[in-house]
Amino acid sequence: MKDCVFCKIASGELPSTKVYEDDDVIAILDINPATRGHTLVMPKVHYDNFLSTPREILTKVMIVAQRLGQIAMKQLHARGVNILTNCYPVAGQSVLHFHVHVIPRYDTTDGLQISMKDMSEEKLNLPTIAKEITKGM
Ligand code: 5GP
Ligand code: ZN
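Residues numbered from 1 in each chain as written. Chains lettered and ligands numbered in written order. Predicted model: local features only at pLDDT ≥ 70, side-chain atom pairs only at ≥ 80, totals over all residues. Heavy atoms only, no water.

## Considering the state of the cysteines
- The final tally for this structure, using the stated rule, is zero disulfides.
- With no disulfide of its own, Cys 87 has Cys 4 as its nearest cysteine by sulfur position, at a separation of 15 Å.
- Judged by its relative accessible area of 17%, Cys 87 is buried. (Disulfide = S-S within 2.5 Å. Buried < 20%, exposed > 50% of the residue type's maximum accessible area, 1.4 Å probe, protein only.)

## Some thoughts on the coordination of the zinc ion (ligand 2)
- The coordination sphere of the zinc ion (ligand 2) contains the protein donors Cys 4 (SG), Cys 7 (SG), His 46 (ND1) and His 97 (ND1), at a distance range of 2.1 to 2.3 Å.
- If you look at the zinc ion (ligand 2), its four donor atoms make angles of 106 to 116° with each other, and the shape they trace is tetrahedral.
- On the basis of relative accessible area, His 46 is assigned to the buried category, the value being 16%. (Donors = N, O, S within 2.8 Å, 3.2 Å for Na, K, Ca; no water. Tetrahedral: all angles 85-135°; square planar, octahedral: opposite > 155°, others 65-115°.)

## Notes on the nonpolar core
- Counting 12 residues, the largest nonpolar core is built from Val 25, Ala 27, Val 41, Ile 57, Leu 58, Val 61, Val 64, Ala 65, Leu 68, Phe 98, Val 100 and Val 102.
- Going through the elements one at a time, β2 (25-29), α2 (55-75) and β5 (100-105) are the ones with two or more residues in this core.
- In this structure, Phe 98 is in contact with Val 41, Met 42, Pro 43, Tyr 47, Asp 48, Asn 49, Phe 50, Thr 53, Leu 58, Val 61 and Thr 85, ignoring residues within four places of it in sequence.
- In terms of nonpolar packing, the next biggest core, distinct from the first, is built from 10 residues, Cys 4, Ile 9, Ile 28 and Val 95 among them. (Core = buried A, V, L, I, M, F, W, Y, C linked by side-chain atoms within 4.5 Å. Helix = DSSP H or I, 4+ residues; strand = E, 2+ residues; numbered from the N terminus. Contact = heavy atoms within 4.5 Å.)

## Section: the sheet that holds β5
- Within the open sheet, the five strands sit side by side as β1-β2-β3-β5-β4. Their pairing is antiparallel. Edge positions in the open sheet fall to β1 (18-21) and β4 (80-84), since each of these has one partner strand only. With direction set aside, neighbouring strand axes in the sheet form an average angle of 15°.
- The pairing of β2 with strand β3 (residues 39-43) spans five bridges and is classified as antiparallel. For Leu 29, the partnering residue across the bridge sits in β3 and is Thr 39.
- In this fold α2 packs onto β1, β2, β3, β4 and β5, with an angle of close to 160° to the strand it touches most, β3. (Pairing = 2+ DSSP bridges. Axes fitted to C-alpha atoms, helices over the stretch in contact; angles between N-to-C directions.)

Here it is as structure tokens:
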């Protein structure tokens, strides 16, 4: 897609530090890493995000993400890994070309903090929410 930075990286028009490539998938080091070895895995063809990516491509991307997570543990001596994908700007997606973050974790106080606010169960009626979700399944 025109003006997409990851399409340009995938086609070689823009430089990147590549750690993996096959016919469909590319993995590069994040230019602003949260931790040492922070990698982005993406399809070469443009899809906006996880939600709009066809299953067969999604599978290929996730298999590479799993492999990179395993390698982070073994080669980089990470003690854990976060696998993360943001969908739409409200969820923190800044590059609108589907990608999965593979973030090696070394310590709970390293470069990444994920915190979830505990919304009280009283305000959020769980059975009602479950009904809304299951209607769409
Ligand atoms: P998002 O916020 O969309 O989930 O993640 C986008 C990620 O892409 C960010 O972590 C950002 O640092 C990274 N990024 C943005 N532009 C470039 C680039 O040109 N090259 C590389 N390697 N990473 C990029
Ligand atoms: Zn793109």
